[in-house]
Amino acid sequence: MSSESVDPSALERLHALGGADFVSEMLDLALRNIGEQLAHGRAAASANDAKGVAIALHSIAGSAGNIGAVELENLARRGLAQDERAEHASLQDDVVQLEKAFARAQALLREAQSGRE
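Source: prediction; values computed, not measured.

Colleague: An account of the pattern of salt bridges is needed here, citing residue identities and associated values.
Modeller: In this structure the tally under the stated criterion is four salt bridges. A salt bridge links Asp 28 to Arg 110; the nearest nitrogen and oxygen atoms lie 2.8 Å apart. With Asp 28 in helix H1 (residues 8-46) and Arg 110 in helix H4 (residues 88-116), the pair connects residues that are 82 residues apart, well separated along the chain. The residue Glu 73 makes a salt bridge to Arg 77 at a minimum N-O spacing of 3.2 Å. One end of the pair, Glu 73, and the other, Arg 77, are both in helix H3 (residues 70-81), four residues apart, so they sit about a helical turn from each other. Exposure remark for Glu 73: the relative accessible area of 18% places this residue in the buried category.

Here is the structure:
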């Protein structure tokens, strides 16, 4: 697993809390939420709605942190730290970067999950 994209200790902590089924449930819930929030963020960015993007970023950062998707969490937090009056192109770029990080994290987390089963 790439330490730049995913922190394997997060899955270990989840496993210690509730076992393999709990890890699976948490991953499913978080990945579904992140996917939905990315869609909201994409729509908000298209409408040049910086506040809407910020709301999506906040949710993404929380969910990503819970499952150890560190690259995604860091990108979302960096986006939150930017001025809410960001330029339209910047908002679009942020969402594109998040989508790429999400794809990497999702693949790595699913791979790690299947290795635990």
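Moving on from the model shown.
Colleague: Kindly report on H1, identifying the contributing residues and their values.
Modeller: With 39 residues, H1 should cover 57 Å at 1.5 Å per step; its first-to-last C-alpha distance of 34 Å lies more than 12% under that length. A bend of about 120 degrees at Gly 18 is the largest found in H1. Downstream of H1 by one or two residues, Asn 48 has phi in the positive range, about 55 degrees.

Colleague: Talk me through unusual backbone geometry; I want residue IDs and the actual numbers.
Modeller: At Asn 48, a residue that is not glycine, the phi angle is positive and equals roughly 55 degrees. Here Asn 48 is to be found in the loop between H1 and helix H2 (50-67). Residue Asn 48 is classed as partly exposed on the basis of its relative accessible area of 42%.

Colleague: Outline the packing of H2 against H3, supporting the account with residue identities and numerical values.
Modeller: Close contact between H2 and H3 brings their axes to 8 Å; oriented N to C, the two are set at 150 degrees. In terms of their interaxial angle, H2 and H3 are classed as roughly antiparallel. Note on packing geometry: the crossing formed by H2 with H3 is left-handed. Two secondary-structure elements touch here, H2 through Ala 54, Leu 57, His 58, Ile 60, Ala 61, Ala 64 and Gly 65 and H3 through Leu 72, Glu 73, Ala 76, Arg 77, Gly 79 and Leu 80. Of the residues in the contact of H2 with H3, the class split is eight nonpolar, three polar and two charged.

Colleague: Please provide a residue-by-residue account of the environment of Asp 49, values included.
Modeller: Considering the arrangement of structural elements, one finds Asp 49 in the loop between H1 and H2. Sequence separation between Asp 49 and Leu 91 is 42 residues, and the spatial gap between their C-alpha atoms is 8.6 Å. The contacts of Asp 49, once residues within four sequence positions are left out, are Ala 44 and Leu 91. Within polar-contact distance, the side chain of Asp 49 engages the backbone nitrogen of Gly 52 at 2.8 Å.

Reading guide: rules and limits
- Residues numbered from 1 in each chain as written.
- Predicted model: local features only at pLDDT ≥ 70, side-chain atom pairs only at ≥ 80, totals over all residues.
- Heavy atoms only, no water.
- Salt bridge = Lys/Arg side-chain N within 4 Å of Asp/Glu carboxyl O.
- Helix = DSSP H or I, 4+ residues; strand = E, 2+ residues; numbered from the N terminus.
- Buried < 20%, exposed > 50% of the residue type's maximum accessible area, 1.4 Å probe, protein only.
- Expected span 1.5 Å × (residues − 1).
- Bend = angle between axes of the 7 residues up to and from the residue.
- Axes fitted to C-alpha atoms, helices over the stretch in contact; angles between N-to-C directions.
- Parallel < 35°, antiparallel > 145°, perpendicular 65-115°, else oblique.
- Left-handed = near helix turned anticlockwise from the far one by under 90°.
- Contact = heavy atoms within 4.5 Å.
- Nonpolar A, V, L, I, M, F, W, Y, C, P; charged D, E, K, R; others polar.
- Polar contact = N/O pair within 3.5 Å; in protein donor to acceptor, adjacent residues only side chain to side chain.

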